[in-house]
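The lines below spell out each chain.
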Amino acid sequence: MFYILLFTIAILSRIPYMPNFLYYWDSVNFALGIHRYNVSEFRPSPPGNFVYVFLTKPIYMITHDANLSFLIINLLATGFGAIAIYLFSKKLFNKPSAIAASLLFLSSPAIYFHSLAAFTYMLDGCFIMFLAYFAYLSLTEIKLKYAILSAIFLGLSAGARQQDIVLLFPLFLYGIHKQKFKNIIISILTLAIVCFSWAIPMIYLSGGVKSYISACKIQAECGEHGNILILFNYW
């Protein structure tokens with residue numbers, strides 16, 4: 001029951017303040033990607049954020065409003081993210097701590113802002129919170145299903161923001177390192193399948209590997225050195 005309450009609070013507390021415009025130039029590029037996805041044309045900017053754009057497409061087919069479609073994704077991610085924090089905190093501590101943590105998450109100014117702007121952060125954060133939760137369960141309960149779920153959420157997170165595969169892969173590995181060797185292999189293969197499921201169409205729609213890497217190099221040379229794109233300068 002508290003899950004429903006959290007989700008409802010996340011949605012209703014933000015609906016009155018939803019903007020009717022795309023907040024930033026990245027948001028505009030995401031919107032362009034809905035119409036014709038091609039990273040080599042910066043639709044959207046490299047490295048591509050494939051999962052964020054393509055999860056929004058079905059909603060756009062109904063709303064015909066790119067900004068509204070991205071905000072709906074953000075609101076859903078905020079609600080599910082609050083549930084993930086509640087579950088994780090309850091597992092680590094107790095129910096009162098979980099309630100407090102989830103409500104603090106929903107009332108955070110930074111979370112409030114990003115849930116109302118067409119950025120990838122809320123969807124990415126939601127995936128990361130579930131990754132952390134299932135990685136912890138995999139570590140403590142040593143069940144294959146939790147290792148597989150952590151692999152799925154890492155793959156989805158990497159599809160929303162590609163740098164996550166570099167930053168969060170150690171967390172994933174730590175979460176599964178107590179599993180049987182066979183289960184570790186299954187988990188890594190699951191991660192690979194999820195990653196290839198978005199990486200292959202992303203690169204194909206961008207004109208192939210060469211065009212995709214070229215676009216990433218251009219973005220890196222323009223000063224985007226705070227993320228995975230810096231690696232393309234050494235390709």
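Keep in mind it's a predicted model, so treat the numbers as computed, not measured.

Undergrad: I would appreciate a short explanation of the nonpolar core in the present structure.
TA: One recurring pattern in soluble globular proteins is that nonpolar side chains are buried together. If you look at the biggest cluster of nonpolar residues, it comprises 57 residues, and the most contacted ones within it are Tyr 52, Phe 70, Phe 105, Leu 123, Phe 134, Trp 198 and Met 202. Among residues more than four places away in sequence, those in contact with Phe 134 are Tyr 146, Leu 149, Ser 150 and Phe 153.

Undergrad: Is there a simple way to explain the packing of aromatic side chains in this structure?
TA: Summed over the entire model, instances satisfying the criterion amount to 24 aromatic pairs. For the pair Tyr 23 and Phe 119, a centre-to-centre distance of 5.9 Å together with 85 degrees between the ring planes defines the contact as edge-to-face. Here Tyr 23, found in the loop between helix H1 (2–12) and helix H2 (25–35), pairs with Phe 119, found in the loop between helix H6 (109–115) and helix H7 (121–141); they are 96 residues apart in sequence, far enough to count as distant. On the basis of relative accessibility, which here comes to 45%, the residue Tyr 23 falls in the partly exposed class.

Undergrad: Hey, could you run me through helix H8 (residues 144–160) in this one?
TA: Since the α-helix turns once every 3.6 residues, residues separated by three or four places project in the same direction. Spanning 17 residues, H8 covers 25 Å between terminal C-alpha atoms, matching the ideal 24 Å at 1.5 Å per step. All buried positions along H8 are accounted for by Tyr 146, Ala 147, Ser 150, Ala 151, Phe 153, Leu 154, Gly 155, Ser 157, Ala 158, Gly 159 and Ala 160. Tucked inside the fold, the buried residues of H8 contact helix H3 (50–63), H7, helix H9 (164–176) and helix H10 (181–205).

Undergrad: Which parts of the structure should I look at to understand the state of the cysteines?
TA: Formally, a disulfide is one covalent bond, and it connects the sulfur atom of one cysteine to the sulfur atom of another. All told, the structure shown has zero disulfides when counted by the stated rule. In this model Cys 195 remains outside any disulfide bridge; the closest cysteine sulfur is found in Cys 216, 15 Å from its own. For Cys 216, a relative accessible area of 0% translates into the label buried.

Undergrad: How should I be thinking about the packing of H8 against H9 in this particular structure?
TA: A packed helix pair is summarised by two numbers, namely the angle formed by the two axes and the spacing between the axes. Put simply, H8 and H9 touch, their axes get as near as 10 Å, and they point 175 degrees apart. Comparing their axes, H9 and H8 come out roughly antiparallel. Residue-level inspection shows Ala 147, Ser 150, Ala 151, Leu 154, Ser 157 and Ala 158 of H8 in contact with H9, the latter providing Asp 164, Ile 165, Leu 168, Phe 169, Phe 172 and Ile 176. Residue composition of the contact of H8 with H9, by class: nine nonpolar, two polar and one charged.

Undergrad: Can you help me understand the environment of His 177 in this one?
TA: Among the secondary structure elements, His 177 is positioned in the loop between H9 and H10. Accessibility expressed as a relative area gives 41% for His 177, which makes it partly exposed. Put simply, His 177 and Ala 135 are 42 residues apart on the chain and 10.0 Å apart in space, counted from C-alpha to C-alpha. In this structure His 177 touches Leu 139 and Ile 184, once residues within four positions along its chain are discounted. A polar atom in the side chain of His 177 sits 2.6 Å from the backbone oxygen of Tyr 174.

Calculation notes
The residue count restarts for each chain, going from 1 along the sequence in the order it is written. Local features in this predicted model are restricted to residues whose pLDDT is 70 or higher, and side-chain atom pairs enter the listing and the counts only when it is 80 or higher, whereas totals over whole chains, interfaces and linings include all residues. For side-chain calculations, the full set of non-hydrogen atoms in the structure is used, while hydrogens and water are omitted. The set of buried Ala, Val, Leu, Ile, Met, Phe, Trp, Tyr and Cys residues whose side-chain atoms join them within 4.5 Å is what this entry labels a nonpolar core. Residue burial is assigned from relative accessible area. The probe radius is 1.4 Å, only protein chains are included, and a residue is buried under 20% of its type maximum, exposed over 50%, and partly exposed in between. It only takes one pair of heavy atoms within 4.5 Å for two residues to be counted as in contact. In this analysis, rings of Phe, Tyr and Trp, with Trp reduced to its six-membered ring, are considered paired at centre separations within 6.5 Å, and the interplanar angle assigns stacked below 30 degrees, edge-to-face beyond 60, and tilted for intermediate values. In this text, helices come from DSSP runs of H or I with a minimum length of four residues, and strands from runs of E with a minimum of two, each type numbered from the N-terminal end. Given the number of residues in a helix, its expected span is that number minus one, multiplied by 1.5 Å. The disulfide criterion used throughout: a pair of cysteine sulfur atoms within 2.5 Å. Fitted lines through C-alpha atoms serve as axes, helices being fitted only where they are in contact, and the angles separating the N-to-C directions of these axes extend from 0 to 180 degrees. To sort the angles, those under 35 degrees are grouped as roughly parallel, those over 145 as roughly antiparallel, those from 65 to 115 as roughly perpendicular, and the leftovers as oblique. We call Asp, Glu, Lys and Arg charged. Ala, Val, Leu, Ile, Met, Phe, Trp, Tyr, Cys and Pro are nonpolar, and the rest, Gly among them, are polar. Polar contact criterion, stated in full: a pair of N or O atoms within 3.5 Å, where within protein one must be able to donate a hydrogen and the other to accept it, and residues adjacent in sequence count only if both atoms are side-chain atoms.

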